Amino acid sequence: MKKQVLSLGIALVTFNSLNAQTDRFTQDFQPIRAELTKWDPIRGEWLASSMVSIAKKEPIPDRTFPENYTPAEMMKMVPESSRANIQRIATTSAQNADSSSRGNWSSITTQLNRPSCQPTMGRTYGDPHLSSFDGATYSFQTVGEFVLVKSPSQNIEIQARQQPQSDDFSLNTALAMNVGGDRVCVYANEKPDNISNCALRLNGTPLYINAGTYYLPHGGTIRYTSNNYVVTWPTGEVATIDVRRSSQMNFLNVAVQVFPCSQNDLEGLLGNANGRQSDDFDVRNNSNRPAYMAFSSFGGSQMQQASNEMEKEYLAFL
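The structure reproduced in this document is the subject of the present report. Remember, predicted model here, so these are calculated numbers, not experimental data. (Residues numbered from 1 in each chain as written. Predicted model: local features only at pLDDT ≥ 70, side-chain atom pairs only at ≥ 80, totals over all residues. Heavy atoms only, no water.)

**A short note on the overall build of the protein chain**
Logical step 1: Each helix and strand counted, the protein chain has 7 helices and 14 strands in total.
Logical step 2: Counting across all 318 residues of the protein chain, residues that qualify as buried make up 45%.
Logical step 3: Contacts in the protein chain between residues far apart in sequence, at least 24 positions, make up 50% of those at least 6 positions apart.
Logical step 4: With an accessible surface of roughly 16100 Å², the protein chain has 49% of that area assigned to carbon and sulfur atoms. (Helix = DSSP H or I, 4+ residues; strand = E, 2+ residues; numbered from the N terminus. Buried < 20%, exposed > 50% of the residue type's maximum accessible area, 1.4 Å probe, protein only. Contact = heavy atoms within 4.5 Å. Areas by Shrake-Rupley, 256 points an atom, 1.4 Å probe, with all protein chains shown as cover.)

**Considering the pattern of salt bridges**
Logical step 1: The final tally for this structure, using the stated rule, is 11 salt bridges.
Logical step 2: With a closest N to O distance of 2.5 Å, Asp-242 and Arg-244 form a salt bridge.
Logical step 3: Under the relative-accessibility criterion, Arg-244 is labelled partly exposed at 39%. (Salt bridge = Lys/Arg side-chain N within 4 Å of Asp/Glu carboxyl O.)

**Some remarks on the state of the cysteines**
Logical step 1: Applying the stated criterion to the full structure yields 1 disulfide.
Logical step 2: Across the disulfide, Cys-117 is cross-linked to Cys-261 (sulfur-sulfur distance 2.1 Å). Looking down the S-S bond of the Cys-117 and Cys-261 bridge, the torsion is 95°, so its handedness is right-handed. Of the two residues, Cys-117 sits in the loop between helix H5 (102-113) and strand S1 (120-125) while Cys-261 sits in the loop between strand S14 (251-258) and helix H6 (301-305), which places them 144 residues apart along the sequence.
Logical step 3: Judged by relative accessible area, which is 6%, Cys-117 ranks as buried.
Logical step 4: Relative accessible area serves as the criterion here: at 52%, Cys-261 is assigned to the exposed category. (Disulfide = S-S within 2.5 Å.)

**What to know about the environment of Tyr-229**
Logical step 1: One can find Tyr-229 in strand S12 (residues 228-232).
Logical step 2: The exposure class of Tyr-229 is buried, given its relative accessible area of 9%.
Logical step 3: Between the C-alpha atoms of Tyr-229 and Val-254, which are 25 residues apart in sequence, the distance is 9.7 Å.
Logical step 4: Excluding residues within four positions of it along the chain, Tyr-229 makes contact with Val-186, Ala-199, Leu-200, Ile-222, Arg-223, Tyr-224, Ala-239, Thr-240, Ile-241 and Val-243.

**As for the sheet that holds strand S5 (residues 156-164)**
Logical step 1: Spatial ordering of the open sheet is given by S4-S5-S6-S7-S8-S9, a layout of 6 strands whose pairing is antiparallel. Each edge of the open sheet carries a strand with a single partner, namely strand S4 (144-151) and strand S9 (205-207). In this sheet, adjacent strand axes meet at a mean angle of 25° when their direction is disregarded.
Logical step 2: Both strand S6 (residues 170-179) and strand S7 (residues 182-187) contribute to a ladder of 6 bridges, which runs antiparallel. Across the sheet, Val-179 pairs through a bridge with Asp-182, a residue of S7. (Pairing = 2+ DSSP bridges. Axes fitted to C-alpha atoms, helices over the stretch in contact; angles between N-to-C directions.)

Set out below in structure tokens:
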């Protein structure tokens, strides 16, 4: 019986320790919340709560105001002087954070850096041609499902499905996206269920959007105009999906906007957004990487002079 009581006591101590760790991040965040509510009692409170939810990878609170902003868009509205004060608070808190809350403060710092960071764009379009975030261009006419971009620390991932149009080329026919914790899919042709009149799926469920803005549970949004879906992450990243109609096979052109200032873990077919084309596809083990850099010379003299064998080798590597 004494052993059982002792075990229960240890469990209670452990539980209380976890609560204390959680409370420390919440407590240290209070000066930021106060700064935001001083700017705007309603929108500032929502933004502060949303920042905490994003850091903890939880659904954000409901909006209590008419604007359809994401947290990142709302952050741009905060006066620069207030953002500077908040940045100082966050920097100090991040430096003093323990291991349990360090990741949360890293997310807060990333969110605060967004308004001052110039975004960069990558694309996959046509049959398909790709342009990386760093401006490298190449052709990737193959078949399969591939990661276009992925940031494990920021709940960002976009996967593309390339299906054959003929023996000569393929097209993007589906996308799957991790939008801050919500799974959003777009299908140009075949659907994963029997509902054929809906291109969108949210967490596996058909989602109908004819116009306007749809609010995702974790803070992102989806806007639909004409044949374009604009998916915005709560941290500001944007994917614009252009649904193209054709007599043989519908397909998707995709443009992705990311922020290179604070994302140092980007990977995928659209590169790493570090400003250099030469290492867009560096991986942990590059011993089998072909020397020929096909992705950096699409349409240029190097591509034109390269042998078919070298091109096939590099496509196989990608």
